[in-house]
Amino acid sequence: MSIARASIDRALITWILMLGCLLGGIWGFATIGRLEDPAFTIKNAIIITQYPGATAEQVAREVSEPIESEIQKMGEIDFITSSNKPGVSRISVNIESTYDGSELPAIWTKLRNRVEDAQRSLPPEAGTPIVNDNFGDVYGVFYAVTAPGFSDAEVHEISDYLRRELLAVDGVADVAVAGLPEEAVYVDARTSIITNLGIAPDAIAAALSTTDTRTEAGSVTLSGQDVRIQAPEGSDTVEEIANLTIGVGGDVIDLLDLAEVSRSRVTEPSQIIRFQGEDAFTLGVAGKADLNIVDVGKRVDVRLSEILRDIPAGVELHPIYQQHVVVDEASNAFLLNLAMSVAIVVIVLALFMGWRAAVVVGVTLLLTVVGTVFLMSVFSIEMERISLGALIIAMGMLVDNAIVVAEGMQGDMSQGKTARDAAEDVASKTQIPLLGATVIGIMAFAGIGLSPDATGEFLFSLFAVIGISLLLSWVLAITATPLLAHYFFKVGTGEAGDQYGGPLFKAYRGILSLALKLRYLVILALIGITVVCYIGFGQVKQQFFPDSNTPLFYVHYKLPQGASIHRASEDMAVVEEWLKERDDVVATSTFIGGGATRFMLTYAPEESLATYGHLIIRTESLEQIPELRADLEEFGRNTLSAGEFRTERLAFGPGGGAPIAARFSGPDPVVLRRLAEEAEQVLIGASDQLQDLRTDWREREFVILPRFADERAKAAGVTREDVAQSLQLGSEGISVGLYREGDRLIPIILRTETATAEGIAHLADLPVYSAAAQSYIPVTQVTDGFGWEAQNTLLMRRDRVETITVQAGVPAGVNASAVFGEIRDVVEAIDLPEGYKLEWGGEYENSTKAQASLGKQLPLSLIIMVLISVLLFGTIRQPVIIWLLVPMSVNGVALGLLGTGLPFSFTALLGLLSLSGMLIKNGIVLVEEIDLVRAEGVGFRQAILDASTSRLRPVVLAAATTILGMIPLLSDAFFASMAVTIMGGLGFASILTLIAAPVFYYSFFPKERRADAKATA
């Protein structure tokens, strides 16, 4: 018994299946995890090592090199980069894309072991390397907190309270706080007094270092019990620190007599954050993995509303980004789009097949979608942008299965067959071809979904959801559709005449008959059109991932190296004031000294740099961004000409960085800078579509060099370290202890009273303490003055080799791929000295890697697809006919994208794969139908005409419903190019299926064609 007949005979089982899909789908919608973007593992760890006093080159050579050399022994490493600044090494370790998230914990353990081994090779002055493998954590509920009028200590108390309370919310994994005011206790020593008394800086530092240390005081035995002795409490107020005493030559001197003690903000904070121009700190909340972020976010909102009643008036929380709100809106928009798509399907089917067929196919489609959501929840596939898009992509193929069965049963039943006989007859002809075509459609996406890199991980849910939905659509098409048809379709008398005798069918039959007669002209025309369309496709703009549809964009601003963070802050304040006057700006968040906490998976925070300013600007709608962005760029570049001012749109998917990037690697920094300058010059001449040309090494920075007089210093008993200590005391100061306030540790900084003076004149007057003479000596006696030198203070390395990257952007709306094509040859023509090399980065590298990874998987998918098509027919000619149609599917795509001006993005590639699957499926069913009609004894030419005519309605209806179902996606930035690809491509593909496939079939069987001609002569 066939499955289709059994679905009617054993209706209870079929009803259980249908109710299971419906009720399971309702449960799935309620329980499925929801995210904004699919989770992909950021296979990256950061290693920070402090090396105080070292230059950038010394840091690179003495710290980064030993650590990198040890790390490189790991087989899991893809590449290593490092950023070397004076006193700090920052190494970024990138793991091969073939390792998934479950393997990373073991890899990070190996990495820590390697770093520990490397630590033995580091200079003794270097600090312990800190490995951060949580670099990819996402804090999707992201707030700015303002507390005007509150002291810095009170702001810290507020932040501690908020963090503590939010960590207790169910589902919250972590809460990150950034931008809190940084304080220090400054001890400003009076130079004249300590010089006259001969008090060594170390003596003051020693007294301050023990102000509030935790010290054991032992224990005593009392009545058989050990009783612990509590050590005396330390100085826990600034006043008590100021009242410390220092022993000097047998005398005790009050610290207040030597120095002024005060508590204030640090002079050079690591980061400054503002919201709407007001001082703020940020609060980022990360949900636990695999939980519904919408539910977690709502619980956080509820708790925050409760907390706000308990915290002081004036403290306000301002949302910068609320992932749960975005996800909830996206899910609701999807449900609306889905409802619209199903409604369109039902309306179109009702117009062309009657309301009964519309109900049958519409219910099957609805059951397929809700059943897919049920299985997604079972297999822990979250509802996010890609998985939701997969359902839309699959819509055309989902409809096709049900239409083929419903249309076939409707025709048979109108001729007098019972529902059972019609179901068995249609299923026996179509169920295997439909299954084969369905598997081929799934395999078209296997190369993307099974790719091991970040793009493949990002798009895995696409492959999984399409696989689930298409297989389920086939199951329901041969079970639910026959049962519903049994209830809704009427059995005719068989006297209705030819069911394909209508004017549309007659017109198509006439056109096809003429095409068969003029087959060679038709084939030549198809080849000519395909060649022209491929040439046109070469003119289509290329894009990796499209811009996001979240109404956010960024400003990046960098002053020359060495500029103060306060100068960057002042420049950002100018931009903030300008933005306040704009009605199209909803909110502005400002970050100086570094990027924001990672609030989106696709957001990559910039490395901490005092000269860096960053704005996150929210508008009311996407449509407002282009004009605002253009005006802001003009204002920023004209007003803040001292720095590099550029804007950036938020993009979907992995990738990021400058659109155009050329990396030069080699041993000599001087040569590398010369190559970078030459590259900038040729880039300027090669294209007028480049902007913001820059290098990641930034500018050289002036450094003050004291000329140490060895002979005089030896005679005075002064070492280089003594001179360095004196200069540090006279400038930034030296951290000599910690002041405890609750769980805060506030540094105590010793410096001279002239430390805050501008310029360098006061440095010449600094005294240097000589331990040998136990007195102070003017710094001028042990130095020959001060000199200047321009140094590299930001050295980048890649795989242990100095590497400078020339970066450039492109104007808004300009395609980076096209600009890259203009400049590539001129840059590659630069004469590189021996030992130097050029590599391309940017969007070219990202897309090339993604395509290369896809290319590794595609051959296997292609082989399986071809093998299935061969096994379906058991011959070679029929599969060749079908596969000849695939290259022509680009024709409609090229026309659609050129007509709309949209780029061919990665999502458009997904649409092209979906289109190929639909085309192959239609081709398989059509060719199979021709074979079946021929097997009934119908003449060769007649069989082609009859079979093709019988497939006209299913092909046209599937195409029409799919094309119209894509209309809601045209307004979605992420899916627009994919929708146009499917709409344009499917329109043309329908012609290929209905005209080209029969013509190819007629041409590929010359013996049968001649025999048929003789028989009809």
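Reading guide: rules and limits
Residues numbered from 1 in each chain as written. Predicted model: local features only at pLDDT ≥ 70, side-chain atom pairs only at ≥ 80, totals over all residues. Heavy atoms only, no water. Helix = DSSP H or I, 4+ residues; strand = E, 2+ residues; numbered from the N terminus. Buried < 20%, exposed > 50% of the residue type's maximum accessible area, 1.4 Å probe, protein only. Contact = heavy atoms within 4.5 Å. Lys, Arg positive; Asp, Glu negative; His and termini not counted. Charge placed at Lys NZ, Arg CZ, Asp CG, Glu CD. Salt bridge = Lys/Arg side-chain N within 4 Å of Asp/Glu carboxyl O. Axes fitted to C-alpha atoms, helices over the stretch in contact; angles between N-to-C directions. Parallel < 35°, antiparallel > 145°, perpendicular 65-115°, else oblique. Left-handed = near helix turned anticlockwise from the far one by under 90°. Pairing = 2+ DSSP bridges. Expected span 1.5 Å × (residues − 1). Bend = angle between axes of the 7 residues up to and from the residue. Phe/Tyr/Trp six-rings, centres within 6.5 Å; stacked < 30°, edge-to-face > 60°. Lys NZ or Arg CZ within 6 Å of the ring centre and 35° of its normal. Nonpolar A, V, L, I, M, F, W, Y, C, P; charged D, E, K, R; others polar. Patch = residues over 30% accessible without salt bridge, like charges linked within 9 Å, V, L, I, M, F, W, Y side chains within 5 Å. Areas by Shrake-Rupley, 256 points an atom, 1.4 Å probe, with all protein chains shown as cover. pLDDT = per-residue confidence, 0-100. Core = buried A, V, L, I, M, F, W, Y, C linked by side-chain atoms within 4.5 Å. Polar contact = N/O pair within 3.5 Å; in protein donor to acceptor, adjacent residues only side chain to side chain.

(A) Broad picture of the overall build of the chain. When helices and strands are counted, the chain shows 35 helices and 30 strands. Expressed as a percentage of its 1017 residues, the buried residues of the chain come to 55%. Within the chain, residue pairs in contact and separated by at least 24 positions form 81% of the contacts whose partners lie at least 6 positions apart. Here the chain carries 76 positive and 120 negative side-chain charges, and the mean point of each set is 12 Å from the other.

(B) Spatial organisation of the pattern of salt bridges. Enumeration according to the criterion identifies 44 salt bridges in this entry. Linking Glu70 and Arg114 is a salt bridge whose minimum nitrogen-to-oxygen distance equals 3.1 Å. With Glu70 in helix 3 (residues 56-71) and Arg114 in helix 4 (residues 104-119), the pair connects residues that are 44 residues apart, well separated along the chain. A relative accessible area of 14% places Glu70 in the buried class. For Arg744, the salt bridge identified is with Glu183, shortest N-O distance 3.1 Å. Residue Arg744 is located in strand 24 (residues 744-752), and its partner Glu183 is located in strand 7 (residues 183-189); the two are separated by 561 residues in the primary sequence. Across this residue pair, the class does not change: Arg744 and Glu183 are buried. Where salt bridges share partners, they join Glu65, Glu68, Arg797, Arg800 and Glu802 into one cluster.

(C) Local environment of the packing of helix 20 (residues 519-537) against helix 30 (residues 890-900). Remark: helix 20 packs on helix 30, axes separated minimally by 9 Å, with the N-to-C direction vectors making an angle of 45°. Classified by the angle their axes make, helix 20 and helix 30 are oblique. Viewed along their axes, helix 20 and helix 30 form a crossing whose handedness is left-handed. The residues of helix 30 that touch helix 20, namely those facing Ile529, Thr530, Cys533, Tyr534, Gly536 and Phe537, are Val890, Asn891, Val893, Ala894, Leu895, Leu897 and Leu898.

(D) Highlighting the sheet that holds strand 12 (residues 259-265). Ordered by their spatial adjacency, four strands build an open sheet running 12-7-24-23, and the pairing between neighbours is mixed. A strand with exactly one partner marks an edge of an open sheet, and here the two such strands are strand 12 and strand 23 (734-741). Taken over all neighbouring pairs, the strand axes of this sheet differ in orientation by 25° on average, direction set aside. Sheet analysis places strand 7 next to strand 24, joined by five bridges and oriented parallel. Opposite Tyr186, over in strand 24, you have Ile749 as the bridge partner. With respect to the sheet, helix 7 (residues 201-209) is in contact with strand 7, strand 23 and strand 24, its orientation differing from that of strand 23 by roughly 20°.

(E) Summary view of helix 14 (residues 419-443). In this model, helix 14 (25 residues) spans 33 Å end to end at C-alpha, consistent with the 36 Å of a helix rising 1.5 Å per residue. For helix 14, the principal kink sits at Ala427 and spans about 40°.

(F) A look at the packing of aromatic side chains. Using the criterion set out here, one finds 20 aromatic pairs in the structure. Three or more aromatic residues link up through ring pairs in this structure, and these residues are Phe142, Tyr321, Tyr554, Phe591, Phe599 and Tyr603. Positioned above the aromatic ring of Phe79, the side-chain terminus of Arg798 is 4.0 Å from the ring centre. A cation sits over an aromatic face here: Arg1009 above Tyr1002, 5.6 Å from the ring centre.

(G) Examining the packing of helix 19 (residues 503-517) against helix 34 (residues 976-1004) more closely. Orientation of helix 19 relative to helix 34, taken along the N-to-C sense of each, is 40°, at an axis distance of 10 Å. Taken as axis vectors, helix 19 and helix 34 run oblique relative to one another. The handedness of the crossing between helix 19 and helix 34 comes out as right-handed. Contacts from Tyr508, Ile511, Leu512, Ala515 and Leu516 of helix 19 reach helix 34 at Leu994, Ile995, Pro998, Val999 and Tyr1002. In terms of residue class, the contact of helix 19 with helix 34 is built from 10 nonpolar, no polar and no charged.

(H) View of a nonpolar patch on the surface. On the surface, Leu514, Leu518, Leu521, Leu524, Ile527, Val531 and Ile535 cluster together into a nonpolar patch covering about 680 Å² of accessible area. The element that contributes the greatest number of residues to the nonpolar patch is helix 20, accounting for five residues. Considering the arrangement of structural elements, one finds Leu514 in helix 19.

(I) Molecular detail of unusual backbone geometry. Even without glycine at this site, Ser380 takes up a positive phi of about 55°. Take Ser380: it is sitting in the loop between helix 12 (355-378) and helix 13 (385-414). Notably, Arg698 is not glycine yet its phi reads approximately 60°, a positive angle. Take Arg698: it is sitting in the loop between strand 21 (691-695) and strand 22 (701-708). Arg698 sits in the buried class, given a relative accessible area of 6%.

(J) Broad picture of the pairing of strand 28 (residues 795-798). Taking every second residue as pointing to the same face, both faces of strand 28 are buried, with Leu795 and Arg797 on one and Met796 and Arg798 on the other. Note: strand 2 (residues 77-85) against strand 28, four bridges, orientation antiparallel. When the sheet's bridge partners are listed, Thr81 is paired in strand 28 with Arg798. A loop of two residues connects strand 28 with strand 29 (residues 801-809), the two strands running antiparallel in sequence, and Asp799 in this loop sits at a positive phi of about 50°.

(K) Seen up close, the confidence of the model for the chain. Summary statistics for the chain give a mean pLDDT of 86 and a share of 94% for residues scoring 70 or more. Across the chain, the secondary-structure element scoring lowest on mean pLDDT is strand 8 (residues 219-222), at 68, and the one scoring highest is strand 13 (residues 272-275), at 96.

(L) Representation of the nonpolar core in the model. If you look at the biggest cluster of nonpolar residues, it comprises 152 residues, and the most contacted ones within it are Met409 and Phe445. Ranked by residue count, the leading element in this core is helix 13, at 18 residues. Among the nonpolar cores identified, the runner-up in size contains 30 residues, and Ile194, Ile204, Val248 and Tyr776 belong to it.

(M) Summary view of the side chain of Thr438. Among the structural elements, Thr438 can be located in helix 14. Not counting the four nearest positions on each side in its chain, Thr438 is found in contact with Asn401, Leu470, Leu471, Trp474 and Lys921.

(N) The side chain of Asp692, seen in detail. By the element assignment, Asp692 lies in strand 21. A polar contact of 2.7 Å, which involves the side chain of Asp692, links it to the side chain of Arg637. Ignoring any residue separated from it by four or fewer positions in sequence, one finds Asp692 in contact with Arg637, Phe645, Arg646, Gln807, Ala808 and Gly809.

(O) The environment of Leu609, seen in detail. Along the polypeptide, Leu609 turns up in the loop between strand 17 (585-592) and strand 18 (612-619). Residues Leu609 and Arg120, spaced 489 residues apart in sequence, show a C-alpha to C-alpha distance of 29 Å. Setting aside chain neighbours within four positions, we find Leu609 in contact with Lys85, Gln561, Gly593 and Gly594.

(P) Inspection of a positive patch on the surface at higher detail. Among the surface-exposed residues, Arg877, Lys1007, Arg1010 and Lys1014 lie close enough to one another that they form a single positively charged patch. A total of three residues in the positive patch trace back to one element, the largest contributor, which is helix 35 (residues 1006-1016).

(Q) Structural view of the pairing of strand 24. Among the nine residues that make up strand 24, seven are buried, leaving the element largely enclosed by the rest of the structure. Of the strand pairs in this sheet, strand 23 and strand 24 are connected by seven bridges, and their pairing is antiparallel. Counterpart to Ser735 in the pairing with strand 24 is Ile749. Connecting strand 23 to the antiparallel partner strand 24 that follows it, the hairpin turn spans two residues, and Gly742 within it adopts a positive phi of roughly 65°.

(R) Broad picture of the environment of Ser564. Turning to its location among the elements, Ser564 is positioned in the loop between strand 16 (552-558) and helix 21 (565-580). In the structure, Ser564 is positioned 45 residues away from Leu609 in sequence and 9.9 Å away in space, judged by C-alpha atoms. Once residues within four sequence positions are removed from consideration, Ser564 is found in contact with Glu268 and Ala610. At a separation of 3.0 Å, a polar atom in the side chain of Ser564 contacts the main-chain amide nitrogen of His566.

(S) Expanded view of the environment of Val925. With respect to the helices and strands, Val925 occurs in helix 31 (residues 906-935). On the accessibility criterion, Val925 (5% relative accessible area) is buried. Residues Val925 and Leu12, spaced 913 residues apart in sequence, show a C-alpha to C-alpha distance of 30 Å.

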